[in-house]
Amino acid sequence: MTEAILLVGGKGTRLRPLTVNTPKPMVPAAGVPFLTHQLARARAAGVEHIVLATSYLAEVFEPYFGDGSGLGLHIEYVTEKEPLGTGGAIRNVAARLRSGPDEPVLIFNGDILTGLDIRALVATHETTGADVSLHLTRVEDPRAYGLVPTDATGRVTAFLEKPQTPEEIVTDQINAGAYVFRRSVIDTIPAGRPVSVERETFPELLATGAHLQGMVDSTYWLDLGTPQAFVRGSADLVLGRAPSPAVPGRCGDRLVLPTARVAPDAKLTGGTVVGDGARIGEGARITGSTILSGAVVEPGAVITDSLIGTRAHIGERTILSGAVIGDGAVVGPDNELREGVRVWCDAKIPAGALRFSSDQ
């Protein structure tokens, strides 16, 4: 296996306002765009040629990654004019693939952080003679996911979308968003219209007797679809809990990029990332958070499990917990913003305007 497709066209609506100005795969995680981690892991597994299936803010990708040579890859870009879904996006880039009909093509969703053994998935695909092989992982509560039961040999027996009743939950195995396709199978996906691999392609293949193989790999796995998950994923990369050869520094409690300025008595812990040109003031305490490039955190601020957008400004003594602050937003001094709050890009919150507790 030497080539792959990365599906990076989604709008990232659950991540807004992080994705107002930046497509989801380009939001920085552990100091670099999240997509960099996926590309680096694919390269480490032997992939040489990658096609990026882009759509939303498609113009952002190529200026950053170019032809991929900086990562030891050859990258091509295909942009959807209208959103085509996962299956439609795969079919839309098929003409750029070089593999023969029976050769394997790796396919990744662009919002999954995983420790998947890619070589093992490909080996499973080849030794079982499967048409499509799927990475499966186990979760405690599978109601938000598509269930994928398998037989004793790992062969997929059904696809069950988001079960709700106990009777419907027949397995804890879910579709983890990474696949190996036999090249010829990609050509069977209808062209020119939206197609979901989860709801249409896979069930139809199963119904026609195709061999779909599941491989359970329960190493690190996280869907980065929500701000809270994205912040956690970035911290886990810095802490070394999630593997990536693309983290720009040694794993540890903090990652401070070279042009950032951090006051000597500021405390950064829990996998906190401080981006290029960001400034952290005296006495600030930041835990498990991401401070993007050019942001300013004033003295005495306390930030926990939050993401601060580019050029945002956090005032003195302000407390943030589980918050997302959009690009260019200003949160004045002595505010207190708690779990789930999202401050939109360029918004301005005056001093002491929002609190969850007394100001005395």
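Everything that follows concerns the structure shown earlier in this document.
Residues numbered from 1 in each chain as written. Predicted model: local features only at pLDDT ≥ 70, side-chain atom pairs only at ≥ 80, totals over all residues. Heavy atoms only, no water.

1. What to know about the overall build of the chain
Item 1. Summing up its helical and strand segments, the chain has 7 helices and 30 strands in all.
Item 2. Taken over the C-alpha trace, the chain has a radius of gyration of 22 Å; the compact-globule value for 360 residues is 21 Å, and the two agree within 12%.
Item 3. Split into buried and exposed, the 360 residues of the chain put 55% on the buried side.
Item 4. Accessible surface, the chain as shown: approximately 15,000 Å² in total, 50% of it carbon and sulfur. (Helix = DSSP H or I, 4+ residues; strand = E, 2+ residues; numbered from the N terminus. Rg over C-alpha atoms; globule rule 2.2 N^0.38 Å. Buried < 20%, exposed > 50% of the residue type's maximum accessible area, 1.4 Å probe, protein only. Areas by Shrake-Rupley, 256 points an atom, 1.4 Å probe, with all protein chains shown as cover.)

2. Some words on the side chain of Thr171
Item 1. Tracing the sequence through the fold places Thr171 in the loop between strand E10 (160-161) and strand E11 (173-182).
Item 2. Since its relative accessible area comes to 14%, Thr171 is described here as buried.
Item 3. For Thr171, the side chain forms a polar contact with the main-chain nitrogen of Gln173, separated by 3.1 Å.
Item 4. Residues within four places of Thr171 in sequence aside, it is in contact with Pro142, Leu147, Val148 and Pro149. (Polar contact = N/O pair within 3.5 Å; in protein donor to acceptor, adjacent residues only side chain to side chain. Contact = heavy atoms within 4.5 Å.)

3. Considerations on the pattern of salt bridges
Item 1. Across all of its chains, the model carries 15 salt bridges by this definition.
Item 2. Of the charged contacts in the structure, one is a salt bridge between Arg96 and Glu76, with a shortest N-O distance of 3.0 Å. Linking Arg96 in the loop between helix H3 (85-92) and strand E6 (104-109) with Glu76 in strand E5 (residues 74-79), this pair joins segments that are 20 residues apart in sequence.
Item 3. Residue class for Arg96 comes out partly exposed when judged on its relative accessible area of 34%.
Item 4. Owing to a relative accessible area of 17%, Glu76 belongs among the buried residues under this scheme.
Item 5. In this structure, Glu200 engages Arg193 in a salt bridge whose closest nitrogen and oxygen atoms are separated by 2.6 Å. (Salt bridge = Lys/Arg side-chain N within 4 Å of Asp/Glu carboxyl O.)

4. A few points about the nonpolar core
Nonpolar side chains in soluble globular proteins generally cluster together in the buried interior.
Item 1. In terms of nonpolar packing, the biggest core is built from 29 residues, with Ile5, Ile107, Leu134, Phe181, Ile186, Phe202 and Leu212 touching the most fellow members.
Item 2. Mapped onto this core, the elements with two or more residues apiece are strand E1 (3-7), strand E4 (49-54), H3, E6, strand E8 (132-138), E11, helix H5 (183-186) and helix H6 (197-207).
Item 3. With near-sequence residues (within four places) excluded, Phe181 lies in contact with Glu103, Pro104, Val105, Ile107, His125, Asp131, Val132, Ile186, Ile189, Val197 and Phe202. (Core = buried A, V, L, I, M, F, W, Y, C linked by side-chain atoms within 4.5 Å.)

5. Comments concerning the pairing of E8
Item 1. Of all 7 residues that make up E8, 6 are buried, and the element is covered over most of its length.
Item 2. With 6 bridges connecting them, E8 and E11 associate as antiparallel partners. Counterpart to Leu134 in the pairing with E11 is Tyr179.
Item 3. Where E8 meets strand E12 (residues 212-216), 5 bridges bridge the pair, whose relative direction is parallel. (Pairing = 2+ DSSP bridges.)

6. Looking at the sheet that holds strand E28 (residues 336-337)
Item 1. Taken together, 5 strands build an open sheet; the order of strands is E16-E19-E22-E25-E28 and the sheet is parallel. Where the open sheet ends on each side, the last strands, each with one partner, are strand E16 (267-269) and E28.
Item 2. In this structure, E16 lies alongside strand E19 (residues 285-287), joined through 3 bridges in parallel fashion. Note on E19: the bridge partner recorded for Lys267 is Arg285.

7. Here's the deal with unusual backbone geometry
Item 1. Put simply, Arg16 and Pro17 share a cis peptide bond, and its omega is 10°.
Item 2. Positive phi values are uncommon outside glycine, yet Ala30 reaches one of about 55°.
Item 3. Counting through the fold element by element, Ala30 comes out in the loop between strand E2 (28-29) and strand E3 (32-33).
Item 4. Positive phi, normally seen in glycine, also occurs at Asp305, with a value near 50°.
Item 5. With respect to the helices, strands and loops of the structure, Asp305 is situated in the loop between strand E22 (302-304) and strand E23 (307-308).
Item 6. Note on Asp305: relative accessible area 45%, which makes it partly exposed.

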